[in-house]
Amino acid sequence: MANSIHHEKKSLLAAGMNLKWLNNQRACIILSLVCLLCYGNTIRNDYSFDDNIAVTGNPYIPNGFKGIPDLLTNPYRSIGALNMDYRPIAGITFAIEHQFFGGNPHISHLVNVLLFVVLALIIYRVLGEVFQLGKLNSALPLIITLFYVVHPANTETVASIKNREQILSMIFALAALAYSYKYFFSSGKRLLFALAAIFFISLSFMSKMVLSIPIAGVILLVLTFNGIPKKQKSIFIFIALIIMLSAVSLSVNIWLSDRKPVFIENPLAENENLFLAIGFIFKTLLFYLKFIFFPYPFRFYYGYDMVPLVPIHLPLVLFSAALHVSMFIGGIFLFYRKHLLGLFLLTYLFNISFYSNIFPIPGIVAERSLFIAQLWLIAAVFILIHQLILLLEDSVYKVGFCKLALLAGIIVFSASVALTIHRNFQWKNIETLMISDMPHLKKSALANYLYAKLRYLDYGKSLKQSNKWVLSESKNHFKQVTQILPSYDDPYFRLGMIYEYDNQNRDSAFYYFKMAHEKNSASNTTRFQLAKQYFLKGNLEEAATLFELVYRELPQDTMTLFFYAQVMFNAQDKEAALKINSELMKLSPQAYYPYYNFGMIYYFSGQQERAVWYFEKTMEMGYSDNQIKNILLNYYLANNFQEKAEQLSFR
């Protein structure tokens, strides 16, 4: 590849690093061993965060081979009316695994690790053959790939079964880049190379579009950097086809998916202030830059309010803007001068822009968003170091700088390996992941909400009396959500349910249901629970109003009718109570509660015989309480039904 670096100067190899032993075979062995060292411990992990979205909760995967047609014709996940985008390739691999091994997370983790090994080998070849870094120094492709492989940001992709889509998308995208380069600059088999490039870029689009479109841009950058070969006008047809495939992929995903970020995931979802949006974008870009060079702390999710909206004039935002604009201008200048550093800088900026919140993304930022972008910046850093070594003319300074760079590299590499291995253990399952990350997620509304739900589920699965601390954890994190995002109604509702059904604290339950209703007065589940609280407190007017609202929207909800009938009877509207309960009887003739209501209505109306018939039916259906028993017992004794009274006494 053409560039402006002076090859006649002493290279890193000439400065003292003897790499004559290095060849492609040995480099591939080293890369494979390092991948296995860093990620082999994930094989013992279970399913973890988000695996339910694409793996365990996907209805097509348990069908094995028979589920593949459905995977090819549907979004990768639908939740109610919400459709995700089109990513069938990873799902197909999960279906194949299920066909042979069932739902086995360890097999899935093994496949992820092996695919990552394949990816590492492809990166090494692409850096050497497409970007021709081996011409600068034979060690550069291996060094860059090694530092990419061990970077802890990759753990979120490799250790998460669901994120296999990212590994596959990058494998296919880089393969498309390699074959595109061969098509551009080789003399033979050009049609075959073009077809292979189109095939692999299509697979990449079908794996995960947001990773593959940046590679389409990289292909154009590489072509522009090298110059379009003369007398090859068919290349323009090839470029047009790549652009068309990108447009088709984008259109399909827009057509299938209606997934849009909401405020709790990203504050830009409801922001209309351009200056706040620009400030937010540059703060996002600074986060990614920081995480590449200092990957800590780890967080399984970010969301509101981990990266708050900030005005553009804040010093940190201005610093990020100046830094990234300088990288862009410098990249253009060096790119124009045919310097590889410029190509890699522009490639990084182009790739990371897709995750910069120019278009709001769920979660604001994510470690997995760096999966492809960081490769180009790592390459730029090592090219810059190599260039600095070449610029040092004094041999003493050159050797000293090389030793310093080598020592720093060993420290960074070793620390990265240790962090990566440790992080993989934290991805053991969803509980270990959340427990390890929650201390760093005190400002994340959705992370606290998810952890609170997890803890409540744990409490429900356990012996409740012996696991009260889990319930306390759940309450504390729901309360944390109300502090971070006071306008979000669901944590108030959840707290109301905990206090009502687990703590039997109706005063607190009433408070939280009332708060939830104030935040979202359109929620029927909240209306129902608050109406019950008003009923129990004797506030029949408020209870009737809320039950009426629920009844209008959910006329066939049996529990609403059950309580609504009781409220109306207690409000001295017997006719309305009987009418509502008659509707309940039509909907649930095999359930006890319409009979119970009729019994109570007739009993307190003085119609004992009718009441007794309904109470007896209630008990036949398996429900009884002391009030019903006492009513029946008194009736039997008063009317000399001695046998029935004795039978009832033994029940």
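Cut-offs applied
Residues numbered from 1 in each chain as written. Predicted model: local features only at pLDDT ≥ 70, side-chain atom pairs only at ≥ 80, totals over all residues. Heavy atoms only, no water. Salt bridge = Lys/Arg side-chain N within 4 Å of Asp/Glu carboxyl O. Buried < 20%, exposed > 50% of the residue type's maximum accessible area, 1.4 Å probe, protein only. Helix = DSSP H or I, 4+ residues; strand = E, 2+ residues; numbered from the N terminus. Axes fitted to C-alpha atoms, helices over the stretch in contact; angles between N-to-C directions. Parallel < 35°, antiparallel > 145°, perpendicular 65-115°, else oblique. Left-handed = near helix turned anticlockwise from the far one by under 90°. Contact = heavy atoms within 4.5 Å. Nonpolar A, V, L, I, M, F, W, Y, C, P; charged D, E, K, R; others polar. Core = buried A, V, L, I, M, F, W, Y, C linked by side-chain atoms within 4.5 Å. 1 Å grid on protein atoms, 1.4 Å probe; cavity = no way out; pocket = protein on both sides within 12 Å on 5 of 7 lines; lining within 4 Å. Points joined across faces, edges and corners; volume = space filled by probe spheres on them.

Enquirer: I tried to follow the pattern of salt bridges on my own but got confused; where do I start?
Expert: Pairs can form between side chains of opposite charge whenever their charged atoms are close. Within the structure shown, the criterion is met by 18 salt bridges. Its salt-bridge partner being Asp85, residue Arg87 comes within 3.0 Å of it at the nearest N-O pair. The pair Arg87 / Asp85 is uniform in exposure class, with both members buried. Here Glu548 makes a salt bridge to Arg552, at a shortest N to O gap of 3.0 Å. With a gap of four residues between them, Glu548 and Arg552 both fall in helix H23 (residues 540-553), about one helical turn apart.

Enquirer: What is the right way to read the packing of helix H17 (residues 430-437) against helix H18 (residues 445-461) from this model?
Expert: Geometry of a packed helix pair, given as the angle between the helix axes and the separation of the axes. One can describe the packing of H17 onto H18 by two numbers: an axis separation of 11 Å at closest approach and a directional angle of 130 degrees. Our classification of the angle between H17 and H18 gives oblique. For the pair H17 and H18, the sense of crossing is left-handed. Along the contact surface, H17 presents Ile430, Glu431, Met434 and Ile435, while H18 presents Leu450, Tyr451, Leu454, Arg455 and Asp458. Here the residues of the contact of H17 with H18 are counted per class, giving six nonpolar, no polar and three charged.

Enquirer: Before we go on, may I ask you to explain the nonpolar core in this structure?
Expert: Generally speaking, a soluble globular protein has its nonpolar side chains buried in company with each other. Counting residues in each nonpolar core, the largest one holds 203 residues, and the members touching the most others are Phe131 and Tyr348. When neighbours within four sequence positions are excluded, Tyr348 is seen to be in contact with Tyr288, Leu289, Ile292, Met327, Ala373, Trp376 and Leu377.

Enquirer: How should empty space enclosed by the protein be read in this particular structure?
Expert: The method is simple in principle: a probe with the dimensions of a water molecule rolls over the atoms, and the space it marks as empty is what remains. Taken as a whole and judged by the stated rule, the model has one cavity of 30 Å³ or more. Lining the largest cavity we find Ala54, Asn58, Leu71, Tyr76, Arg87, Pro88, Ala90, Gly91, Phe94, Lys162 and Glu165. Counting residues per element, the lining of the largest cavity draws most heavily on helix H4 (residues 88-101), which supplies four residues. Split by residue class, the lining of the largest cavity holds six nonpolar, two polar and three charged.

In short, geometric facts, not functional conclusions.
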